[in-house]
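# Descriptive structure summary
Given next are the chains, with one letter for each unit.
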Amino acid sequence: MSVRSYSPLGRLERKWGWLLCAPFALGLVLFSLGPITTALGLAFYQWDNLTPPRFVGLANWHQLFHDELFWKALRNTLFYVVGSVPTGVILALGLALIVNARLPGIGLFRTVYFTPVVTSTVAVALVWTWVYDSNYGLLNYVIEQIGKLVGLKIKPIAWLNDPRTAMPAIIAMSVWKGLGYNMIIFLAALQNVPRELYEAAAIDGANRFRQFWHVTLPSISPVMFFVVVTSLIGAFQVFDQVYIMARDGRPANSTLTLVYYLYNHAFRYLNMGYACTIGMALFVLIGAVTGIQLVLQKKWVHA
Amino acid sequence: MKTSMTWNKKWTAAIVRYAVLLIIALLMVFPFLWMVTTSFKSMEEAFRYPPSLIPDKIHWENYRKLLAALPITRFFLNSVKITTLNVVGVLLSCSMAAFALARLNFPGRTLLFAAALITLMVPWQTTLIPVFIMFQKIGWKDSHYPLWVPAFFGGGFAVFFLRQFFLGIPRDLYEAALVDGLSPAGILFRIYLPLAKPALTTLGVFTFIASWNDLLTPLIYIDTLEKMPLTAGLSFLQGQYSSDWPMMMAGAVVSIVPVLLIFFASQRVFVEGIATSGIKG
């Protein structure tokens, strides 16, 4: 402690520091640290939220490892993550490169591309459900027309009612909805790349592609890292669009995700303890994936 | 000759770029157009194949039916109330904590900041059940309190975001104001907050959107139809009238218009603010 902390100024800062932080500190205990400890504890109990909790040791964890539906939900979630994150990141970068230009009206395009981000998943998932409709949907109509143009007769696809297409259809909607967010972040990064770097590369005779590969990508790699990590974390938590577009993991549990499974156990089957076990598994999973990213970044992020 | 060729090349490049921009814009906007046009169609027209783009006749009755079937005005007012309280709560509690963490010297500061960063990694679904039980125990289930009270206790991301912004405001300003006899709280409210307007706007709009669009929280806590905000009401509508697409689209339109208005009004500051938070990460 410096001399400062015993001075009148030190006392003043101490008093106000604690006062101003009080709500936030209390919130950390009430809504984060406390609950995470409780969740960890509850994962060892069986509890229906009506009768007193019963200690069951590792039974929940044993059940988790042998619960086929949990593994199914885990596989579906991983499928969603793998299907949506790389596509979303690459397309968002492409979009950022396209809107990174000084052209009249470019601001309007950026705003339009960002619009799906701000609207609720519930509302857009509803429209997309309608677009995907197997009998009256717009998508099948468009595909049918394209088929006619090239002389093919394409049968209507039951997008959300076929276990093979349901998850890909949800992924496509999610990528569409989230593109604008990462685009804006990439755009800011692109505009921060020093102009001199491009000029130097041009003098060395690098073409546009080589400039992108050797100048742009290394320069934006820290932001790329941020985007990949936040997208991964977000994708593991997918719920809203599945709830609207494929209630209860329909068809045949092909769209059941981890958070949806947690929700079902906690609030429909009233298995609070088991739901907490699923929650801890989710925490471990996200923590592990984030940790792996942190290690891997040393290989590709230029900071 | 040579100049006209490069001139031509430049024009072709610009036209190609605009064409690409327009096609993507169409892909982004089309679902919304489809939502709006469907909301004005009759049931018969909505289920017509091949689909029609523009309704034969504007059918306002989908909106009238919506208002009659569900307490939409109630939902709307609930959303406004919950969202406003969330924005006020987050801005107030987070700017206080962020300012203290950025400028004041007090024991426990480092620990508090570290704890805030750690909680950023915890998915909120993991803490969902204990928090739910706590609110249920104090009798707040089926009330609006669980949907806005936590906002007044701040959040790790918002505190982190504002702290970074406050650190960018010269320290001299703080010290000069202390000499002038202002208390730290006075400095926060009279000097730092006015200077942090872009960051506060961004955070405010972020909070607005997240709160307005939140589905899971109201789904868990609210049982009474009249207490639901719009998103939960909309998902309820889907459960009840799953084949009345014109009416459901009317509901979707009603639920997104307020967010779109706020977004278009603030998009300049907002879009720039997201850009800065991205760089910081």
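Residues numbered from 1 in each chain as written. Chains lettered and ligands numbered in written order. Predicted model: local features only at pLDDT ≥ 70, side-chain atom pairs only at ≥ 80, totals over all residues.

## As for the overall build of chain A
Looking only at helices and strands, one finds 12 helices and two strands in chain A. Ordered by position in the sequence, the α and β elements of chain A form the string α-β-β-α-α-α-α-α-α-α-α-α-α-α. Computed over its C-alpha atoms, the radius of gyration of chain A comes to 25 Å, more than 25% above the 19 Å expected for a compact globule of 303 residues. Residues counted as buried form 40% of the 303 residues belonging to chain A. When contacts within chain A are restricted to residue pairs at least 6 apart in sequence, those whose partners lie at least 24 apart make up 70%. (Helix = DSSP H or I, 4+ residues; strand = E, 2+ residues; numbered from the N terminus. Rg over C-alpha atoms; globule rule 2.2 N^0.38 Å. Buried ≥ 20, exposed ≤ 12 C-beta atoms within 10 Å, placed from the backbone. Contact = placed C-beta atoms within 7 Å.)

## Quick look at the overall build of chain B
A tally of regular secondary structure across chain B gives 14 helices and zero strands. Secondary structure elements of chain B, listed N to C terminal, follow the sequence α-α-α-α-α-α-α-α-α-α-α-α-α-α. Expected size for 281 residues packed as a compact globule is a radius of gyration near 19 Å; at 24 Å, chain B overshoots this value by more than 25%. Here the C-alpha coordinates of chain B stretch approximately 80 × 70 × 35 Å along the principal axes. Per-residue burial over chain B gives 44% buried out of 281 residues. Pairs at least 24 apart in sequence give 75% of the contacts found in chain B among residues at least 6 apart.

## Quick look at the domain arrangement of chain B
Residues and elements named next belong to chain B. For chain B, the assigned domains are domain 1 (2-59) and domain 2 (62-280). Taking the mean C-alpha position of each, domain 1 and domain 2 sit 34 Å from one another. In this complex, domain 1 contributes nine residues to the contact, which on the side of domain 2 involves eight residues. If you tally residues by element for the side of domain 1 that touches domain 2, the top one is helix α1 (residues 2-39), at four residues. Class assignment of the residues belonging to the side of domain 1 that touches domain 2 gives a composition of five nonpolar, three polar and one charged. (Domains from an automatic or database assignment. Nonpolar A, V, L, I, M, F, W, Y, C, P; charged D, E, K, R; others polar.)

## A few points about the packing of helix α7 (residues 166-191) of chain A against helix α9 (residues 208-236) of chain A
In helix packing, the relevant descriptors are the interaxial angle and the interaxial distance, both defined with respect to the helix axes. Residue and element names in this part refer to chain A. Look at α7 against α9: their axes get within 9 Å of each other, and the N-to-C directions meet at 165°. It follows from the interaxial angle that α7 and α9 lie roughly antiparallel. Crossing handedness for the pair α7 and α9: right-handed. On α9, the residues that touch Asn182, Ile185, Phe186, Ala189 and Leu190 of α7 are Ile220, Val223, Val227 and Ser231. Of the residues in the contact of α7 with α9, the class split is seven nonpolar, two polar and no charged. (Axes fitted to C-alpha atoms, helices over the stretch in contact; angles between N-to-C directions. Parallel < 35°, antiparallel > 145°, perpendicular 65-115°, else oblique. Left-handed = near helix turned anticlockwise from the far one by under 90°.)

## What to know about the interface of chain A and chain B
At the junction of the two partners, chain A supplies 77 residues and chain B supplies 72 residues. Top element by residues in the side of chain A that touches chain B is helix α1 (residues 8-42) of chain A. It accounts for 23 residues.

## Description of α9 of chain A
Residue and element names in this part refer to chain A. Between its terminal C-alpha atoms α9 stretches only 36 Å, short of the 42 Å expected from 29 residues at 1.5 Å a residue. Of all the bends in α9, the greatest reaches close to 60° and is centred on serine 221; the proline proline 222 follows between one and four positions later. Those residues of α9 lying buried are Thr216, Ile220, Val223, Met224, Phe226, Val227, Ser231, Ala235 and Phe236. (Expected span 1.5 Å × (residues − 1). Bend = angle between axes of the 7 residues up to and from the residue.)

## Structural notes on the nonpolar core
In terms of nonpolar packing, the biggest core is built from 156 residues, with Met183 and Phe186 of chain A together with Ala97, Val159, Leu162 and Ala252 of chain B touching the most fellow members. In terms of residue count, α7 of chain A provides more of this core than any other element does, 15 residues in total. Not counting residues within four places of it along the chain, the set of residues in contact with alanine 97 of chain B comprises Leu20, Cys21 and Phe24 of chain A together with Gly154 and Val159 of chain B. (Core = buried A, V, L, I, M, F, W, Y, C linked by C-beta atoms within 7 Å.)

## Considering unusual backbone geometry
For the bond running from arginine 250 of chain A to proline 251 of chain A, omega is -15°, close enough to zero to count as cis. Assignment of secondary structure puts proline 251 of chain A in the loop between α10 (240-245) and α11 (258-267). Across the junction of tyrosine 49 of chain B and proline 50 of chain B, the peptide omega takes the value 0°, indicating a cis bond. Checked against the element boundaries, proline 50 of chain B lands in the loop between α2 (43-46) and α3 (61-69).

## Here's the deal with the packing of α1 of chain A against helix α5 (residues 109-119) of chain B
At a minimum axis distance of 11 Å, the contact between α1 of chain A and α5 of chain B shows a crossing angle of 35°. Relative to α5 of chain B, the crossing made by α1 of chain A is left-handed. Where α1 of chain A abuts α5 of chain B, its residues Gly17, Cys21, Ala25, Leu28, Ser32 and Leu33 of chain A lie against Arg109, Leu112, Ala115, Ala116 and Thr119 of chain B. For the contact of α1 of chain A with α5 of chain B, the per-class residue count stands at seven nonpolar, three polar and one charged.

## With respect to the confidence of the model for chain A
Looking at chain A, pLDDT values average 91 and 98% of them are 70 or higher. At the level of individual helices and strands, chain A shows its lowest average pLDDT in helix α8 (residues 195-203) of chain A, which scores 88, and its highest in helix α3 (residues 68-99) of chain A, which scores 96. (pLDDT = per-residue confidence, 0-100.)

## Quick look at the environment of glutamate 144 of chain A
Residues and elements named next belong to chain A. Relative to the elements of secondary structure, glutamate 144 occurs in helix α6 (residues 138-149). Residue class for glutamate 144 comes out partly exposed when judged on the 18 C-beta atoms lying within 10 Å of it. Linking glutamate 144 and isoleucine 154, residues 10 residues apart in sequence, is a C-alpha distance of 5.8 Å.

## Some words on the environment of valine 242 of chain A
All names here are of chain A. Structurally, the position occupied by valine 242 is in helix α10. For valine 242, a count of 27 C-beta atoms within 10 Å corresponds to the buried category. Separated by 120 residues in sequence, valine 242 and valine 122 place their C-alpha atoms 9.7 Å apart. The contacts of valine 242, once residues within four sequence positions are left out, are Ile170, Thr255, Thr257 and Tyr260.

## Considering the confidence of the model for chain B
When pLDDT is low, close inspection of the predicted coordinates is not appropriate. All names here are of chain B. Averaged over chain B, the pLDDT score is 88; the fraction of residues at 70 or greater is 94%. Considering each helix and strand of chain B separately, the mean pLDDT is smallest for helix α14 (residues 245-280), with a value of 78, and largest for helix α7 (residues 145-148), with 97. This prediction of the complex comes with two scores: 0.88 for pTM and 0.86 for ipTM.

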